[in-house]
Amino acid sequence: MLSGRRLDLIDPSPVDVEIADIAHGLARVARWNGQTAGPEIFSVAQHSLLVEFLFAAARPEATPGERLSALLHDAPEYVIGDMISPFKAAVGGDYKRIEERLLAAIRVRFGLPAHASAALEKAVKTADRESAFFEATGLAGFATTEARKFFGAPKVARDLVTSYLSAWRPEEAQRRFLARFRELDSTPGGI
């Protein structure tokens with residue numbers, strides 16, 4: 001990692017996880033395999049910010065830790081990249097186990113339980129699907145009916161998320177991700 005940390009992907013340790021590495025990597029990983037409109041990629045960092053926003057809109061009573069869980073839901077992709085869901089399903093097995101271990105190490109590093117509760121996972125997944133709907137229709141060329149078929153209909157009005165649907169330069173996505181992380185972080189002494 002740029003921080004100088006060495007991360008064992010098979011057996012990741014929370015002590016080898018740095019938020020600066022996560023933000024840097026996610027800001028440079030393209031959602032939709034880069035198949036989005038505009039001169040810049042739509043990054044996983046930007047997607048993560050949108051998911052956290054949608055999660056909080058649906059659950060205004062959510063704690064900072066729950067919101068941090070939403071922000072970090074795709075954090076393993078800083079080292080393993082973003083594969084489209086159909087490919088993840090086809091690969092399955094080892095890929096999923098590596099992703100789960102890495103996410104657990106990330107969660108522990110930032111003061112969260114290794115595994116989110118089923119209710120929290122479900123709420124984050126709902127926000128993730130809403131984000132995918134908005135990304136699909138706003139950036140990836142999906143018709144609304146097609147996106148509804150794959151992702152369901154969002155409960156939030158599009159005008160509330162338009163600021164998230166114009167791809168940011170990697171440095172901007174990285175800066176915003178880090179800023180939001182710092183707002184939500186409750187780790188003793190900060191990270």
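Refer to the structure above for everything that follows.
Remember, predicted model here, so these are calculated numbers, not experimental data.

Caption draft 1: Region of the structure containing the overall build of the protein. Scanning the protein from N- to C-terminus turns up nine helices and zero strands. In terms of overall dimensions, the protein is globule-like: its C-alpha atoms have a radius of gyration of 16 Å, near the 16 Å expected for 191 residues. In the protein, which comprises 191 residues, the share counted as buried stands at 47%. Long-range contacts, defined as pairs at least 24 residues apart, comprise 67% of the intrachain contacts of the protein with a sequence gap of at least 6. Total accessible area on the protein is roughly 9500 Å²; 55% of this is exposed by carbon and sulfur atoms.

Caption draft 2: Region of interest: the packing of aromatic side chains. Scanning the entire structure with this criterion turns up nine aromatic pairs. Residues Phe142 and Phe150 carry aromatic rings whose centres are separated by 6.2 Å and whose planes lie at 80° to one another, so their mutual orientation is edge-to-face. For Phe142, a relative accessible area of 21% gives the class partly exposed. Of the residues examined, Phe150 reaches a relative accessible area of 40% and is grouped as partly exposed. What links up through ring pairs into an aromatic cluster is the set Trp32, Phe142, Phe150 and Phe151. Looking at Arg176, its charged tip hangs above the ring of Trp168, at a distance of 3.9 Å from the centre.

Caption draft 3: Summary view of the packing of helix 3 (residues 64-71) against helix 9 (residues 170-184). Contact geometry for helix 3 and helix 9: axes closest at 9 Å, N-to-C directions at 155°. Classed by the angle they form, the pair helix 3 and helix 9 counts as roughly antiparallel. The hand of the helix 3/helix 9 crossing is left-handed. For the pair helix 3 and helix 9, the contacting residues are Pro64, Arg67, Leu68 and Leu71 in the first and Phe177, Arg180, Phe181 and Leu184 in the second. When grouped by side-chain class, the residues that make up the contact of helix 3 with helix 9 number six nonpolar, no polar and two charged.

Caption draft 4: Looking closely at helix 1 (residues 19-26). For helix 1, the buried fraction is high: six of the eight residues fall into the buried class. Among all positions of helix 1, only Ile19, Asp21, Ile22, Ala23, Gly25 and Leu26 are buried.

Caption draft 5: Seen up close, the side chain of Thr137. Residue position: Thr137 is located in helix 7 (residues 118-138). In this structure Thr137 comes out as buried when scored by relative accessible area, which is 19%. Within the local environment of Thr137, its side chain forms a polar contact with the backbone oxygen of Phe133, the two atoms lying 3.0 Å apart. Of the polar contacts made by the side chain of Thr137, one reaches the side chain of Arg158; its length is 2.3 Å. What Thr137 contacts, discounting residues up to four positions off in sequence, is Phe142, Ala143, Thr144, Ala147 and Arg158.

Caption draft 6: Structural view of the layout of surface pockets. Here the largest pocket defines a volume of roughly 1100 Å³. Lining the largest pocket are 34 residues, with Asp74, Lys88, Lys96, Lys125 and Asp128 positioned closest to its centre. For the lining of the largest pocket, the secondary-structure elements that each account for two or more residues are helix 5 (85-91), helix 6 (93-109), helix 7 and helix 8 (144-151). It is helix 7 that contributes the most residues to the lining of the largest pocket, seven residues altogether. Considering only residue class, the lining of the largest pocket consists of 16 nonpolar, five polar and 13 charged.

Analysis parameters
Residues numbered from 1 in each chain as written. Predicted model: local features only at pLDDT ≥ 70, side-chain atom pairs only at ≥ 80, totals over all residues. Heavy atoms only, no water. Helix = DSSP H or I, 4+ residues; strand = E, 2+ residues; numbered from the N terminus. Rg over C-alpha atoms; globule rule 2.2 N^0.38 Å. Buried < 20%, exposed > 50% of the residue type's maximum accessible area, 1.4 Å probe, protein only. Contact = heavy atoms within 4.5 Å. Areas by Shrake-Rupley, 256 points an atom, 1.4 Å probe, with all protein chains shown as cover. Phe/Tyr/Trp six-rings, centres within 6.5 Å; stacked < 30°, edge-to-face > 60°. Lys NZ or Arg CZ within 6 Å of the ring centre and 35° of its normal. Axes fitted to C-alpha atoms, helices over the stretch in contact; angles between N-to-C directions. Parallel < 35°, antiparallel > 145°, perpendicular 65-115°, else oblique. Left-handed = near helix turned anticlockwise from the far one by under 90°. Nonpolar A, V, L, I, M, F, W, Y, C, P; charged D, E, K, R; others polar. Polar contact = N/O pair within 3.5 Å; in protein donor to acceptor, adjacent residues only side chain to side chain. 1 Å grid on protein atoms, 1.4 Å probe; cavity = no way out; pocket = protein on both sides within 12 Å on 5 of 7 lines; lining within 4 Å. Points joined across faces, edges and corners; volume = space filled by probe spheres on them.

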